[in-house]
Amino acid sequence: SDLKVVKNKLLKILPQKDENLFFTIIHQPTLLEEGIKFAKKKKYEHAYIFYATYFEHFINEVIDIWAKRNSIRYETSSSLIKRIGLEDKYTWLLDLLKLPKFKVIHFKCIKNISEKRNSYIHYKYKPEAANASSEIKKTDWEKDYRNILKAISYTKRYRTKVVFGGHKNKFKI
């Protein structure tokens, strides 16, 4: 609440030269808002797009945070993020980087959501029988949505663990 203290702390951590100050835009909250919006409208394919993209942004941010903490050049970390697939990022790469393991149950959900997004975006649908019920899609969505919400909650806890060592409340300005 003391603005003078906040100002002094910020001045200590901010670079003196503008060319040493960099910003990163975090899109995760917006992606989640859009996912919720499309879920409410029952536009499940669009919801899958935003939720799958959220999970990709999440893991890429974790890798980016690790790279910055370990003084890895941007070109190197950027190349790592671009070249390695989603499954690799959530499995062996975390192990290699000595980051906490990601729970398999949540990764399975993320992989499923990503595959559904990709089938829609890249028009790679599985053939369906002409008499297939649209209720099946709705039931699948409801199950997926429950798992999506659990996975989102887990990613937020995981991020807190990585960024703040699980002690987010202790980090106050």
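Model, not experiment: these values are computed from the prediction.

Undergrad: Can you lay out the overall build of the chain for me, pointing to particular residues and giving the numbers?
TA: Along the chain, the regular secondary structure elements total eight helices and zero strands. When the helices and strands of the chain are placed in sequence order, the string is α-α-α-α-α-α-α-α. If you line up the chain on its principal axes, its C-alpha atoms span 65 × 35 × 30 Å. For the chain, contacts bridging at least 24 residues in sequence account for 71% of all contacts bridging at least 6. Approximately 12,700 Å² of the chain is accessible, and the part contributed by carbon and sulfur atoms is 56%.

Undergrad: Can you break down unusual backbone geometry residue by residue, with the values?
TA: A positive phi angle, near 60°, is found at K42, a position not held by glycine. By the element assignment, K42 lies in the loop between α2 (28-40) and α3 (44-69). With relative accessibility at 54%, the residue K42 sits in the exposed group.

Undergrad: A description of the nonpolar core should follow, citing residues and the corresponding values.
TA: If you look at soluble globular proteins, the nonpolar side chains tend to sit buried side by side. Formed by 37 residues in total, the largest nonpolar core has its most connected members in Y51, F55, Y90, F102 and Y158. At the level of secondary structure, the elements contributing two or more residues to this core comprise α2, α3, α5 (86-90), α6 (92-96), α7 (104-121) and α8 (134-164). For this core, the element with the most residues is α3, which contributes 13 residues. If we ignore the near neighbours within four places in the chain, the residues touching Y51 are L32, G35, I36, I113, W141, Y145, I148 and I152.

The rules behind the values
Residue positions are given per chain, counted from 1 along the sequence in the order it is written. Reporting of local features is limited, given that this is a predicted model, to residues whose pLDDT is at least 70; pairs of side-chain atoms are given and counted only at 80 or more, and all residues count toward the totals for whole chains, interfaces and linings. Calculated side-chain values reflect all of the structure's heavy atoms, with hydrogen atoms and water omitted. A run of DSSP states H or I qualifies as a helix once it reaches four residues; a run of E qualifies as a strand once it reaches two. Both are numbered from the N-terminal end. In what follows, a contact means two residues having at least one pair of non-hydrogen atoms within 4.5 Å. Calculation of accessible area relied on Shrake-Rupley with a 1.4 Å probe; when residues are assessed, cover is drawn exclusively from the protein chains displayed. For every residue, the accessible area obtained with a 1.4 Å probe (protein chains only) is divided by the maximum for its type, and the residue is called buried under 20%, exposed over 50%, and partly exposed between those limits. Residues grouped as a nonpolar core are buried Ala, Val, Leu, Ile, Met, Phe, Trp, Tyr and Cys residues, joined through side-chain atoms within 4.5 Å.

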